[in-house]
Amino acid sequence: MGFWKKWFPGREAQAAEFAKKFRPVPANFAPDRQQLYLYRDRDVDVGELEDLCDAVGWARRPPRKVKIALQNSFLVLSVWEVRGNYKRLVGFARATSDGAFNATLWDVAIHPKFQGKGLGTYLMQETIRELRKAEISNISLFADGHVVEFYRRLGFLADPEGIKGMFWYPSP
Ligand SMILES: CC(C)(COP(=O)(O)OP(=O)(O)OC[C@H]1O[C@@H](n2cnc3c(N)ncnc32)[C@H](O)[C@@H]1OP(=O)(O)O)[C@@H](O)C(=O)NCCC(=O)NCCS
């Protein structure tokens, strides 16, 4: 059953349930041989998520709203570094979806210590794989200007057939 037994002492059933949701990340994406695990569930600790967002330079958000966003996401994938009893969130991506045709990706982040080693590519490939498994074929996202190339390499197109993303914000 592995390391998670330590997180659930005396609670074998819960540890087994948890173990089912974790998958080891292939070693070639783990710099310096860290133990990395891909986790597929919405129950990510909001504090850990906001720490990761903070580490990549994003503003912190109200925890209550982040929790709602996670609960209402169609897919939440996270990557955890595990060392003995210690675990830390080092990668994250989530998708909202109508469950049939469309999905949109949000909060894609890899901790700076783990960037540039292919982990972001791996996480995106797993996200796309999960969405394709659900027969969703239209996957969109809003890329920060400096990461357009990262997404282009994954097969995303900017403005396909001239289609523009448009936004509405409340007036200040
Ligand atoms: C964008 C991000 C998720 C990429 O994750 P990563 O693990 O560093 O990406 P990878 O190592 O898989 O990189 C794949 C390729 O994209 C390139 N790339 C990654 N981030 C890039 C960036 N910010 N600018 C330009 N190219 C980038 C890499 O150089 C790499 O190219 P290579 O294969 O020729 O070396 C990560 O850098 C990150 O979390 N950035 C801060 C948060 C952010 O901007 N998120 C996206 C919001 S839209």
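Residues numbered from 1 in each chain as written. Predicted model: local features only at pLDDT ≥ 70, side-chain atom pairs only at ≥ 80, totals over all residues. Heavy atoms only, no water.

A. Structural view of the environment of Val56. Tracing the chain through its elements places Val56 in the loop between α3 (46–55) and α4 (63–71). Counting along the chain gives 54 residues from Val56 to Ile110, while the straight-line C-alpha distance between them is 7.6 Å. (Helix = DSSP H or I, 4+ residues; strand = E, 2+ residues; numbered from the N terminus.)

B. Region of the structure containing the environment of Gly99. Of note, Gly99 is situated in the loop between β4 (86–97) and β5 (102–110). We classify Gly99 as partly exposed; its relative accessible area is 34%. Residues Gly99 and Glu135, 36 residues apart in the sequence, show an inter-C-alpha distance of 8.5 Å. Residue contacts for Gly99: discarding those within four places in its chain leaves Phe74, Ala134 and Ile136. (Buried < 20%, exposed > 50% of the residue type's maximum accessible area, 1.4 Å probe, protein only. Contact = heavy atoms within 4.5 Å.)

C. Representation of the site of the ligand within the structure. Taken together, 20 residues surround the ligand, and among them Ile110, Gly118, Gly120, Thr121 and Arg153 come closest. Taking Lys117, its main chain carries an N or O atom lying 3.1 Å from an oxygen atom of the ligand. One nitrogen or oxygen atom from the side chain of Arg153 is found 2.5 Å from an oxygen atom belonging to the ligand. Relative to its unbound accessible area of 890 Å², the ligand is 71% covered by the protein chains. (Near = heavy atom within 4 Å. Polar contact = N/O pair within 3.5 Å; in protein donor to acceptor, adjacent residues only side chain to side chain. Areas by Shrake-Rupley, 256 points an atom, 1.4 Å probe, with all protein chains shown as cover.)

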